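What follows is each chain in one-letter form.
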Amino acid sequence: MARPRNIKSSFIKTSSPFFTFLPGSLFTSLLNKFHSLRIHMPYSSSRPRSYIFVIFLLILLSFLGLSLLRLDSVSQNPSPCPSFLTLLSPPTSHPPFVSLSSKNHEPVVLSKSATMPLPAHPVSGNATAEEAEFWAQPDGEGYRPCLDFTIQYRKASAKISKEKQKFLVVVVNGGLNQQRNQIVDAVVIARILEAALIVPVLAVDEIWKDESEFSDIFDVDHFKRTLQADVRVINRGGVLILGGTYSKLSKNLPLDLQKLRCKVAFHALRFVSPIQELGNKLARRLWIKGPYIALHLRLEKDVWVRSGCLTGLGPEHDDIIRKIRETQPQLNDRLNMTNTQRRLGGLCPLNALQVARLIKALGAPRTAQVYRAGGEPFGGAQALQGLVEEFPNVVTKEMLAREGELSPYINRPSAMAALDYNVSLNSDVFLPSHGGNMGSAMQGHRAYIGHRKFVRPNKREIVGFLEDTSISEAEFGSIMKKMHRRYQGQPEKRTTKISIRDVIAYPVPECMCKHSIRSLQRS
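In short, a report on the structure. Quick caveat, the model's predicted, so the values are computed rather than measured. (Residues numbered from 1 in each chain as written. Predicted model: local features only at pLDDT ≥ 70, side-chain atom pairs only at ≥ 80, totals over all residues. Heavy atoms only, no water.)

Focus on the side chain of His267
With respect to the secondary-structure elements, His267 resides in helix H9 (residues 255-268). Overall, His267 belongs to the buried group, its relative accessible area being 2%. Looking at His267, its side chain comes within polar contact range of the side chain of Tyr448, at 2.7 Å. (Helix = DSSP H or I, 4+ residues; strand = E, 2+ residues; numbered from the N terminus. Buried < 20%, exposed > 50% of the residue type's maximum accessible area, 1.4 Å probe, protein only. Polar contact = N/O pair within 3.5 Å; in protein donor to acceptor, adjacent residues only side chain to side chain.)

Remarks on the pattern of salt bridges
Inspection of every chain in the model, using the stated rule, returns 21 salt bridges. Measuring nitrogen to oxygen at the nearest pair gives 2.5 Å for the salt bridge that ties Arg306 to Asp302. Taken together, the residues Arg306 and Asp302, both in helix H11 (residues 301-307) and four residues apart, mark about one turn of the helix. In this structure, Asp420 engages Lys397 in a salt bridge whose closest nitrogen and oxygen atoms are separated by 3.0 Å. (Salt bridge = Lys/Arg side-chain N within 4 Å of Asp/Glu carboxyl O.)

Examining empty space enclosed by the protein
Counted according to the given criterion, the structure contains six cavities of 30 Å³ or more. Empty space within the largest cavity amounts to approximately 120 Å³. Around the largest cavity, the lining comprises 17 residues; the ones closest to its centre are Gln443, Ala447, Gly489, Gln490 and Ala505. Sort the elements by how many residues they give to the lining of the largest cavity and helix H18 (residues 437-448) lands first, with three residues. Across the lining of the largest cavity, the residue classes break down as eight nonpolar, five polar and four charged. (1 Å grid on protein atoms, 1.4 Å probe; cavity = no way out; pocket = protein on both sides within 12 Å on 5 of 7 lines; lining within 4 Å. Points joined across faces, edges and corners; volume = space filled by probe spheres on them. Nonpolar A, V, L, I, M, F, W, Y, C, P; charged D, E, K, R; others polar.)

Quick word on the pairing of strand E10 (residues 166-172)
Counting buried positions along E10 gives six out of seven residues, so the element sits mostly inside the fold. With two bridges joining them, E10 and strand E11 (residues 196-198) adopt parallel strand pairing. Bridging across to E11, Leu168 finds its partner in Leu197. Judged from the two bridges that link them, E10 and strand E12 (residues 201-202) form a sheet pairing that is parallel. Within E12, the position partnered with Val171 by the bridge is Val201. (Pairing = 2+ DSSP bridges.)

Next up, the structure:
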């Protein structure tokens, strides 16, 4: 049986990941014998499980050489972190900002391939000082993208980008932004294994129930061309794939692999043209009227169920959430925290009224255009009442779209989320009501394109003030401005004395440097 080579470093955190490592001969055989099979999460195929299991056994018996690559977690420092197979020598790719195209060998210039938003609006001369402060963009301190890979990485790329004997099959799940993160990880893992990456499979998630293929959401040709100098990416064709969950790379990777993560996230993963163009149209319809705020409100039923927090909509709605949680014992709180403890600990989403009070306190004018990204809120219009009463110009993609424009994306949550992503990226100000993949993705992407304003609510600190009725609006505004002065999208380094963070959310300094000629090296 073929064995993947031993990799020395500890790079990958896993939770029963589904990575299938296929030797070339087996992969060819599978392509010739099987049609593609969509993955449901959890598995929900109409075929009996026993039938699938028999097929799987037949594959194992008929085609020797299959090896399932299982990546088990080990500890890193005091906290658990994964062990991984053998680290490539200090990593490397192509000249900075250039990747060779597979079509006529045309260059893909990375400085032009990143998704760039409409320019931020200059502050109007008619704005009050408070409004001007709200719309003002943060100081980017001269940071610019710098994906200059080392010479060692570029030398290794000559072999890795032509790999034809080892193939990595990856199944990604969850919503759009969770899938994006897993695709980024998959590319890096393929690079570490020196394997060709089969275009990732998007699982049909139990919550989202979206049957979109990778090519329905992302531009496959652009993905392959952009990464041609790093990893060989091939179409899946008709390989049979079973099972799947997700894995997560360690946050501490060699410098070149951190740069590769940024290259995938901010350059290679571009939405297909119809989605990209419609998202641009929706954003432009807002932009031509003036600056706008994008809010990612996490008010969907599944968010309240997972968080176990009170909805703010009254006992009737809270009781619905409580009953659903009782049917899902895996959601039981191991810490036995009360609702009050959760809320004061910053573990609950801000509701619409709280978000309205916060952005008002930070200086947003009542006439501001507000784009609401996210799914249908639990409680419907009642859940949004506090926001709409304070900011009447709240719009959604459904309100901005013209007749028939959204028709191709009905019952396709990933495409709808991609439209939200595009409109949010173009906004002058972005604020998420809760943590999560969308917030992290938007934080990093807005930083990468020039540190566009991103307000990160300090939920642990603000909840007490939101609930203190003795504080005047003026005092509350002063406190909120002071509290969030350092959380508005200014450059923040990925590592600090107390935390190690994901380069996709914090691209400084691995993927961004002051002046593009600066070379970042670290031991």
